[in-house]
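# Notes for the structure review
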Amino acid sequence: MTEPLYKEIWQDFRPYVRAIIGDLLVVTALWLLLAGFKWVTTLIPIKGKAAEVITDIHSAGVVAVFGILAGFLIWDIITLKRSEHRERSSRND
């Protein structure tokens, strides 16, 4: 007897969903660190050139988090595709 279609689809996408959730947890932690950094800078007001540098660091960090997420997702897809290919190759041998 064959599995229902939804179970088959879930089995195919399950590794990707797990990888995406893991990536989102890491990126969320980084974003929370940046939010904490921003919060501390509002508690301790800094003026002048130092304030500009801190704002630039925070802004660059926020943009970098999106790049990190994209990198993680690409890495996960490559890794999962390689493992799927190895599994198929080992079954065919």
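Now for a description of the structure that goes with this document. (Residues numbered from 1 in each chain as written. Predicted model: local features only at pLDDT ≥ 70, side-chain atom pairs only at ≥ 80, totals over all residues. Heavy atoms only, no water.)

## Observations regarding the overall build of the protein
The helix and strand inventory of the protein stands at two helices and zero strands. Its C-alpha radius of gyration of 21 Å places the protein more than 25% over the 12 Å reference for a compact globule of 93 residues. Overall size of the protein, expressed as C-alpha extent along the three principal axes, is 70 × 25 × 15 Å. Residues classed as buried in the protein amount to 14% of the 93 residues present. Of the roughly 7700 Å² that the protein leaves accessible, carbon and sulfur atoms contribute 69%. Distance from the positive charge centre (11 side chains) to the negative charge centre (10 side chains) of the protein: 5 Å. (Helix = DSSP H or I, 4+ residues; strand = E, 2+ residues; numbered from the N terminus. Rg over C-alpha atoms; globule rule 2.2 N^0.38 Å. Buried < 20%, exposed > 50% of the residue type's maximum accessible area, 1.4 Å probe, protein only. Areas by Shrake-Rupley, 256 points an atom, 1.4 Å probe, with all protein chains shown as cover. Lys, Arg positive; Asp, Glu negative; His and termini not counted. Charge placed at Lys NZ, Arg CZ, Asp CG, Glu CD.)

## Digging into a nonpolar patch on the surface
Residues Leu5, Ile9, Trp10, Phe13, Val17, Ile21 and Leu25 make up a contiguous nonpolar surface patch of roughly 700 Å² in combined accessible area. Residue position: phenylalanine 13 is located in helix H1 (residues 5-43). (Patch = residues over 30% accessible without salt bridge, like charges linked within 9 Å, V, L, I, M, F, W, Y side chains within 5 Å. Salt bridge = Lys/Arg side-chain N within 4 Å of Asp/Glu carboxyl O.)

## Thoughts on the side chain of histidine 58
As for its placement among the helices and strands, histidine 58 is situated in helix H2 (residues 49-92). Overall, the relative accessible area of 17% leaves histidine 58 in the buried class. Setting aside anything within four residues of it in sequence, one finds histidine 58 in contact with Leu34, Phe37 and Lys38. (Contact = heavy atoms within 4.5 Å.)

## What about the side chain of aspartate 76?
Looking at the element boundaries, aspartate 76 is found in helix H2. Look at aspartate 76: it is buried, it has no salt bridge, and the nearest opposite charge is arginine 18 at 11 Å. If near-sequence neighbours (up to four positions away) are discounted, aspartate 76 is found in contact with Ala19 and Asp23.

## Details of the layout of surface pockets
Counted as a void, the largest pocket has a volume near 190 Å³. In terms of lining, the largest pocket is formed by Gln11, Asp12, Phe13, Pro15, Tyr16, Leu80, Ser83, Glu84 and Glu87. Ranked by residues supplied to the lining of the largest pocket, first place goes to H1 with five residues. Partitioned by chemical class, the residues of the lining of the largest pocket number four nonpolar, two polar and three charged. (1 Å grid on protein atoms, 1.4 Å probe; cavity = no way out; pocket = protein on both sides within 12 Å on 5 of 7 lines; lining within 4 Å. Points joined across faces, edges and corners; volume = space filled by probe spheres on them. Nonpolar A, V, L, I, M, F, W, Y, C, P; charged D, E, K, R; others polar.)

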